[in-house]
Amino acid sequence: MTVFTRRLGYGLLVSTALTVGAFSAASAQERVPAITLGTTTEAYDPIRYEAAFIIAEKWRELGLEVNVQPTEFSTLLGRFYDQQDFDATIIGWSGRVDRLDPQFFLGTLDSRQSNPGGNNPGGYSNPEYDALFDAQGKEFDITKRQELVHQAQEAYVPDAPVIVLFYRDEVVAYNNTTFGEMNAMAGEGLYSEWTPMQAQPLGDRKTLRIGGPQEPDNINPLASTSVWGWKWMRLYYDRLVRLSPDVEPINWMAESVEAIDDTTINVTLREGLTFHDGEPVTAADVAFTFGYYQTQDYSYFNAYLAPVETVEATGDLTVQFKLKTPSASFANIALSQIPILPKHIWEGIENPGDLTPEQLPTVGSGPFKFATYNRGEIMSLEKNENHFRADDVAVDGVEFIIYADMEGVFTGLQTGAIDMTAWRMEAGQIPLAEQADHLNVISVPDFGYYHLTYNTKREPFGDAAVRRALTHAMDRERMVNVLLDGRGEVGTSVIAPINAFWHNPFVETFDFDMDVARAKLEEAGYSWDAEGRLVK
C-alpha cells in the first residue's frame, strides 16, 4: 500500500489555524482521527489523482490530518464497493445512456443499496429520500415524476453524503483515414455499443481497434462492477431492448414489448435468435436470466431488478413480467440493461461470482462473439454472422488494446496502432490531436460525474455538519479551470445539468469558502488545539 502525504509544513498548519482565531483550550477534547482520501493512480487518471491533493491541501488547512492514497483502479473499486473500507474516496460514474433516466443515479443514494457490493457504499440513509426515490420510480405522469426527482435532489444535497466534484466533457478522437461513420454519443463518447456496429472501414483492414488505459475488473456478468467490464460485455451479450444513439428505446431481441397494465408487461422474442454456441434463445432463457440475477448476491443491477416480482415464460417466445409496484423506467431501462444469459450454461453454476477466468462462460447472443482476452494486453471479438443485424455491421471484429495510461493510448492513436480512444484525452493531448490531419477530435458533454463519497458509517463523516464544512473547503472551480483546462463544469447534483429535464438547478451549491468551512465546524462544536489540529 502506498500512501502519499503532501503535508504542509507544521508551522504553516499551526499558524493557519491560529489566524482564524479559532484556537481554544481544548484539553478535554479529542482530535478528529486522521483521514485517508482514496483516489486512482496518476497513471490511470491524473485528474482524479491531482484533485485528491487539491482537496487534501485545504482539509489540512482546517486542521485535519489527511493521507492521500492512490490505488490501482480495480483494487480501488473493490475496496470502495465490496469491502466498503474507506474514509473518503474519489471515484466516478460514467454517463451511459441508460443513466439519462434518473432511476440509476438516484439509486446510488438509496439506503437499501448500502450493502457490500451495492451502489451506495457510503451508507447514506435518509427515510425522506428513500420515500421520494420510491415515489418517482412508480410515477408514470412525467410532470409529477419530474417534481419528485427534483424533491429527491433537494432532500439529499444538504446532507452532503456524495459530492459531485465536476462533470467533465468527453473529448475523444479517431483516425479519419481508417474508419468512417464514427459517431459519438452524449456521455459515452466514441466507445458506445453502436460504434462497432456503425463504423465503416476505409481500407483493407476491417477490424476496429480501440485503445484504453484500463482493462475490465473482470468479464463476469455476475461480478463486474466497472464500466470497462460492461462496455465490453454488451457487445457480445444481447438485451431485449437497446437504447439508440439518440437514446430512444428500440426493441432488439424483443419483437414487441407490451404493457398490459401498470404492473404487467408482456415481451415477445424475435424468431430465430441463437446463442453463439448454436443453441436457440427462448423465453426460458429470459425468465431464467432475470430470476438468476434476483437470486445471486450481485448488487450492480439491483436498481433495475427491484420492481420485479416474477418473470414467467408463457410460451417458447413469450415472457410475462409481473412487477411489485408500477415502474416508470422498467420497460425502457431495465429491459435494456440485463444481458440475456444461456440457461443451459449458467443454470448449473451455483456461485457465479466465484468463477475463475478459466471457468468463466463467454457465450452470448450479441452482434459480436468473444474471441480472446490476454490480461493486460488485448481483448478481441469476432463478428457474429448469424446475428439478425449482421448485414448492417461492416467490421469483421473488434480489438481492445490495453495500455498502461493515457499517454500510451494517445501514442497508439498518433502512430496508427489504434483507430479510436475509449477514454477521454488529457487536456494537453487535445490540441495535439486537433493539429493532426489524420485525427478527428469530438467533444460531447457528459452526464456522468466524478464524485467524492464520504463513508457516513465512519467518524467524522457520520456528522453531516462535518461533511458540509469539508465540502465548502473543496476548490472545485480550480479543478475545472486547472485540471480540466475549462472543459467541464463544477458539480451540483448526481443528475447533471446537461440532463436538463431531470436536473434540479436550485439545489445548494456549496461554494468554495474556507471561512464558511471553519464557521460551520465551530457551529457544530469543533475547535482547534494548540497545534492547530481539529478537535471535538
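Our structure is the block above this text.
Residues numbered from 1 in each chain as written. Predicted model: local features only at pLDDT ≥ 70, side-chain atom pairs only at ≥ 80, totals over all residues. Heavy atoms only, no water.

With respect to the pattern of salt bridges
Put simply, the rule reads: Criterion for a salt bridge: a side-chain nitrogen of Lys or Arg within 4 Å of a carboxyl oxygen of Asp or Glu. In this description a helix means any DSSP run of H or I spanning at least four residues, a strand means any run of E spanning at least two, and both kinds are numbered starting from the N terminus.
Scanning all chains against the criterion turns up 28 salt bridges. Across the pair Asp529 and Arg31 runs a salt bridge whose closest N-O atoms are separated by 2.7 Å. Here Asp529, found in the loop between strand 22 (527-528) and strand 23 (534-535), pairs with Arg31, found in the loop between helix 1 (10-19) and strand 1 (35-40); they are 498 residues apart in sequence, far enough to count as distant. Among the ionic pairs, Asp101 bridges to Arg145, the shortest N-O distance being 3.0 Å.

Description of the sheet that holds strand 11 (residues 254-261)
Selection rule: Should DSSP find at least two bridges between two strands, the strands are taken to pair. In this description, a line fitted to the C-alpha atoms serves as the axis of each element, helices being fitted only across the stretch in contact, and the angle between N-to-C directions of two axes falls anywhere from 0 to 180 degrees. Residue contacts are counted whenever heavy atoms from the two residues lie within 4.5 Å of one another.
Reading across from one edge, 11-12-14-13 is the order of the four strands in this open sheet, with antiparallel pairing throughout. Here the strands that pair on one side only, and so sit at the sheet edges, are strand 11 and strand 13 (308-313). Going from strand to strand, the sheet's axes swing by 20 degrees on average, the running direction of each strand aside. Across five bridges, the pairing between strand 12 (residues 264-269) and strand 14 (residues 318-323) is antiparallel. In the sheet register, Thr268 faces strand 14, and the bridge partner there is Thr318. Relative to the sheet, helix 9 (residues 283-295) contacts strand 12, strand 13 and strand 14, its axis offset from that of strand 13 by approximately 155 degrees.

Some points on helix 3 (residues 73-82)
To keep things clear, this is the line we draw: Partly exposed residues are those whose accessible area sits between 20% and 50% of the maximum for their type, while under 20% is buried and over 50% is exposed, using a 1.4 Å probe and protein chains only. Each polar contact in these results corresponds to two N or O atoms within 3.5 Å; when the atoms are within protein, one needs to be able to donate a hydrogen and the other to accept it, and residues that are neighboring in sequence are counted only if both atoms are side-chain atoms.
Burial runs high along helix 3: seven of the ten residues are buried. If you follow the buried residues of helix 3, they end up packed against strand 1, helix 2 (46-61), strand 2 (66-71), strand 3 (88-93), helix 8 (227-233) and strand 20 (449-454). The backbone nitrogen of Ser74 has a side-chain oxygen 3.2 Å away, supplied by the residue at the start of helix 3, namely Glu72. Just past helix 3, the residue Gln84 takes up positive phi, approximately 50 degrees.

Side note on helix 9
To keep things clear, this is the line we draw: Here the expected span of a helix is defined as 1.5 Å times the quantity of residues minus one.
Between its first and last C-alpha, helix 9 extends 18 Å over 13 residues, near the 18 Å set by a 1.5 Å rise per residue. Elements that come into contact with the buried residues of helix 9 comprise helix 8, strand 12, helix 10 (302-305), strand 13, strand 14 and helix 11 (343-346).

Notes on the nonpolar core
Where we set the bar: By nonpolar core is meant a set of buried Ala, Val, Leu, Ile, Met, Phe, Trp, Tyr and Cys residues that side-chain atoms within 4.5 Å join together.
Trp59, Trp232, Leu240, Phe290, Phe321, Trp346 and Leu452 are the most contacted members of the largest nonpolar core, which totals 167 residues. Residues in contact with Leu452, not counting those within four places in the same chain, are Leu37, Ile55, Trp59, Ala88, Thr89, Ile90, Pro161, Val162, Ile163, Leu165 and Met474.

Some thoughts on the pairing of strand 2
Stated precisely, the cut-off is as follows: Handedness of a crossover is defined as follows: orient the strands so they point away from the viewer, and if the path from the first strand over the helix to the second runs clockwise, the crossover is right-handed.
Burial analysis of strand 2 places six of its six residues in the buried class, which makes it a mostly covered element. Of the two faces of strand 2, the one holding Val66, Val68 and Pro70 and the one holding Asn67, Gln69 and Thr71 are both buried throughout. As paired strands, strand 1 and strand 2 are joined by six bridges and run parallel to one another. Its bridge partner being in strand 2, Thr39 is matched across the sheet by Pro70. Following the backbone out of strand 1, through helix 2 and into the adjacent parallel strand 2, one traces a crossover that is right-handed.

As for the packing of aromatic side chains
Selection criterion: Here a Phe, Tyr or Trp ring, Trp counted by its six-membered ring, pairs with any other such ring whose centre lies within 6.5 Å, and the pair is stacked when the planes are under 30 degrees apart, edge-to-face when over 60, and tilted otherwise. Whether a charge sits over a ring depends on NZ of Lys or CZ of Arg being within 6 Å of the ring centre and within 35 degrees of the ring normal.
Going through the model one piece at a time under the given rule, you end up with 37 aromatic pairs. Judged by centre distance (5.3 Å) and plane angle (70 degrees), the rings of Tyr293 and Phe301 are edge-to-face. Pair check on accessibility: Tyr293 and Phe301 agree, each one buried. Between Arg48 and the ring centre of Tyr450, over which it is positioned, the NZ or CZ distance is 4.4 Å. In this structure, Arg99 is placed above the aromatic ring of Phe104, and the distance from its NZ or CZ to the ring centre is 4.3 Å.

Geometry only, nothing functional implied.
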